[in-house]
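# Commentary on secondary and tertiary structure
Below, each chain spelled out in residue letters.
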Amino acid sequence: MTTDERIALVKSLELAPFSQMLGLKVESAHNGEAIARMAQSESLLNSGGPQAPIHGGATAALADFAACAAVWSMPETVDSATISISVNYTGPGVQTDLLARARVRRKGKRIASLTVEVTDRTGTLIADALVTYKIA
């Protein structure tokens, strides 16, 4: 697969209905690293109006999406599935886009381990995650 085909494949993750519902976008992905964005939207908030924090499930979905993009940016990946995800929340995301930076820390023939940091638009850490993917 050419580099352009790999980039198109990673960008196609944005076309999934769930990704579209959450407004998930791949900003960059290359060689086991990816940056993804989730645009601010009132549909992602906990109850309480526009000052309410972004729901933790949306933040976790962004972390998984970024990890998936990182896994798919590796030339050897032809299939993948999330095995596990552990998210630690460090602060609320309020009235902000969220940015997730994912990096493959270690990979074998069938398993990849990734770290993800989720920050708000000021760079404040909102969550970090450890994600394990099955790869083929």
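Everything numeric here is computed off the predicted structure, so don't read it as measured data.

### Some remarks on the overall build of the protein
Within the protein, the regular secondary structure consists of 3 helices and 6 strands. Counted from the first residue to the last, the protein has its helices and strands arranged as α-α-β-β-α-β-β-β-β. Relative to the compact-globule value of 14 Å for 136 residues, the protein shows a C-alpha radius of gyration of 14 Å, a close match. Along the longest, intermediate and shortest principal axes, the C-alpha atoms of the protein span 45 × 25 × 25 Å. When burial is assessed residue by residue, the protein has 40% of its 136 residues classed as buried. Long-range contacts, defined as pairs at least 24 residues apart, comprise 61% of the intrachain contacts of the protein with a sequence gap of at least 6. Within the structure as shown, the protein displays about 7,300 Å² of accessible surface, and the carbon and sulfur contribution to it stands at 54%. Here the protein carries 13 positive and 13 negative side-chain charges, and the mean point of each set is 8 Å from the other.

### Considerations on the environment of Arg-103
Note on placement: Arg-103 falls in strand E4 (residues 98–107). Sequence spacing of Arg-103 and Gln-51 is 52 residues, and the spatial spacing of their C-alpha atoms is 31 Å. Not counting the four nearest positions on each side in its chain, Arg-103 is found in contact with Gly-32, Glu-33, Ser-113, Leu-114 and Thr-115.

### Overview of the sheet that holds strand E6 (residues 125–135)
The 6 strands are arranged E1-E2-E4-E5-E6-E3 in an open sheet whose pairing can be described as antiparallel. Only two strands of the sheet have a single neighbouring strand rather than two, namely strand E1 (24–30) and strand E3 (80–89). Neighbouring strand axes in the sheet, compared pairwise and without regard to direction, differ in orientation by 20 degrees on average. Summarising the sheet, E4 and strand E5 (residues 111–119) pair through 8 bridges and their orientation is antiparallel. When the sheet's bridge partners are listed, Val-104 is paired in E5 with Leu-114. Along the sheet, helix H3 (residues 56–72) contacts E1, strand E2 (33–38), E3, E4, E5 and E6; its crossing angle with E3, the most-contacted strand, is approximately 135 degrees.

The rules behind each value
Residue positions are given per chain, counting from 1 as you read along its sequence in written order. Only residues with pLDDT of at least 70 get local features here, since the model is predicted, and only at 80 or more are side-chain atom pairs given and counted; chain-wide, interface and lining totals rely on the full set of residues. The side-chain figures draw on all heavy atoms in the structure; neither hydrogens nor water molecules are used. In this text, helices come from DSSP runs of H or I with a minimum length of four residues, and strands from runs of E with a minimum of two, each type numbered from the N-terminal end. It is over C-alpha atoms that the radius of gyration is taken, and the globule rule equals 2.2 Å times the number of residues to the power 0.38. Burial classes: relative accessible area under 20% of the type maximum marks a residue as buried, over 50% as exposed, and values in between as partly exposed (1.4 Å probe, protein chains only). We call two residues in contact whenever any of their non-hydrogen atoms come within 4.5 Å of each other. All accessible-area figures derive from a Shrake-Rupley calculation using a 1.4 Å probe, and residue coverage is judged against the displayed protein chains alone. Note that His is not counted, nor are the chain ends; the positive residues are Lys and Arg, and the negative ones are Asp and Glu. A single reference atom marks each charge: NZ on Lys, CZ on Arg, CG on Asp, CD on Glu. Whether two strands pair depends on DSSP finding at least two bridges between them. Geometry is summarised by axes, namely lines fitted to C-alpha atoms with helices restricted to the contacting stretch, and by angles between N-to-C directions that run from 0 to 180 degrees.

Purely geometric stuff here, so don't read any function into it on its own.
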